[in-house]
Amino acid sequence: MFCWKGRVRMKRRDKQMEWNPPQILITTFLSLIVLGTLILMLPISTTNGISIIDALFTSTSAMTVTGLVVVDTGTAFTYFGEIVIMALIQLGGLGIMTFAVLIYLALGRKIGIRERLLIKQALNQNTIGGVIALAKRLLIFSLIMEAIAVVFLSLVWVPELGWGQGLYASVFHAISAFNNAGFSIWSDSLSGYVGDPVVNIVITILFIIGGIGFTVVFDMWQSKEFRQLSLHSKLMIVGTLAINIFSFLMIFVLEYNNPNTLASMTTPDQIQSAYFQAVTPRTAGFNTLDIGSMEHASLFYMIILMFIGGGSASTAGGIKLTTALLIVLATFTFYKQREEVVTFKRSLPYSLVLRALSLAMGSVFVVLVAIFVLNLTEDAPFLDIVFEGVSAFGTVGLSMGLTGSLTIIGKVTIILTMLVGKLGPLTFAFAFAKHRIDRVKYPKEDVLTG
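Residues numbered from 1 in each chain as written. Predicted model: local features only at pLDDT ≥ 70, side-chain atom pairs only at ≥ 80, totals over all residues. Heavy atoms only, no water.

## Here we look at the packing of helix 5 (residues 79-94) against helix 9 (residues 163-178)
Contact geometry for helix 5 and helix 9: axes closest at 9 Å, N-to-C directions at 30 degrees. As far as their axial angle goes, helix 9 and helix 5 are roughly parallel. Viewed along their axes, helix 5 and helix 9 form a crossing whose handedness is left-handed. Of helix 9, the residues touching helix 5 (which contributes Tyr79, Glu82, Ile83, Met86, Ile89, Gln90 and Leu94) are Gln165, Tyr168, Val171, Phe172, Ile175, Ser176 and Phe178. Split by residue class, the contact of helix 5 with helix 9 holds ten nonpolar, three polar and one charged. (Axes fitted to C-alpha atoms, helices over the stretch in contact; angles between N-to-C directions. Helix = DSSP H or I, 4+ residues; strand = E, 2+ residues; numbered from the N terminus. Parallel < 35°, antiparallel > 145°, perpendicular 65-115°, else oblique. Left-handed = near helix turned anticlockwise from the far one by under 90°. Contact = heavy atoms within 4.5 Å. Nonpolar A, V, L, I, M, F, W, Y, C, P; charged D, E, K, R; others polar.)

## Quick notes on the nonpolar core
Counting residues in hydrophobic clusters, the biggest one holds 103 residues, and the most contacted among them are Ile203 and Phe387. Element by element, the count of residues in this core is highest for helix 8 (residues 131-161), at nine residues. In contact with Ile203, not counting residues within four places along its chain, are Leu153, His173, Ala177, Leu190, Phe276 and Phe286. (Core = buried A, V, L, I, M, F, W, Y, C linked by side-chain atoms within 4.5 Å. Buried < 20%, exposed > 50% of the residue type's maximum accessible area, 1.4 Å probe, protein only.)

## Some thoughts on a nonpolar patch on the surface
A cluster of nonpolar side chains, namely Ile140, Ile144, Ile148, Val151, Phe152, Leu155 and Val198, defines an oily patch on the protein surface of about 640 Å² accessible area. The element contributing the most residues to the nonpolar patch is helix 8, with six residues. Along the chain, Val151 falls in helix 8. For Val151, a relative accessible area of 52% puts it in the exposed group. (Patch = residues over 30% accessible without salt bridge, like charges linked within 9 Å, V, L, I, M, F, W, Y side chains within 5 Å. Areas by Shrake-Rupley, 256 points an atom, 1.4 Å probe, with all protein chains shown as cover. Salt bridge = Lys/Arg side-chain N within 4 Å of Asp/Glu carboxyl O.)

Note that every value here comes from positions in space, so none of it alone points to a role or purpose.
Next up, the structure:
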């Protein structure tokens, strides 16, 4: 009898020690960041050595596909170090579990429920149905898109830099752009190609497709008409088009008379630059304009775009466009005194609106804490600090020049902000929260609001 109870206790203890999908995802992510840090500290990875905090920062920035850098990528790292950064970007952008699926299938291993739950969590899906097929399609589609981009970018960079360096630059920027990382081997990012239509079009197409969400891309591929698309795809397509067009007009108008940005350019270059800088803040982090020279109104608008981010199941960060749209729709529903949130002739469940609000509030809390700490540790203007904090959370990678002068505490703060921004506040919340079914119902009572 005693032994039987002992076995029960052991089983209960083993059950308690089991990790949930968010915990495994966070642990795997952190393990790869540490591994990347150790590799980047090897003499073969750098030209003149690198401190552990800078290696950790670079590894985290690459793994979270952010693009913020404390050392210049093109001069501080060797080709080997840059290839390590590319590998981290690919792993972080496409998802650890996507590559895990490929390895499992190559080894002939069966993918069970536990693995499917992990893939569901990593790809931000609602169900485990079809996640294996989605992961395989995602990997194939991504490699094809990057390969096509390399071909077009090579048309610009091979004649300019030669075959070896030109192909290498094309591969590096194709991987970085598609995964919305914003890393560049040039210290001025893509500012040298502000008027090059091929670079502007190819790079923006890459990070727009990468940032809109792979489920949307596959849904568009399979659906013949717009009405056949899922509600999520409809919201993402319409929302992306609307916000990109509006952002282009905003940047163009706000920067038109700025002598440090658009004013000194020809009209075609002004259009290209305004377009590029309008679509990059929600996703990529590349820049063709000097961010520090832009108008404060433009920078504030870009902060809003960075906080919103791209689409769910994409390589982009932020609270996600659909989350922002749900909150806006719920707000208008309340103002109109309607009972249900309706869009495209579909009503949205209350639980979905609650999730969107929880994600937004959690994100606001993380950003505010980061900004507060940076204000204590960094000697910089407030706008620079806010821009840096939101850029880190949105895993965007744009900066007004503060990143390179961050203190150690500032670097640690940005590292943690990038991690939470990439994996999402809800992932961390679910990793440590225990699911509990409420068996007791309490009486309802109103409180005064507004």
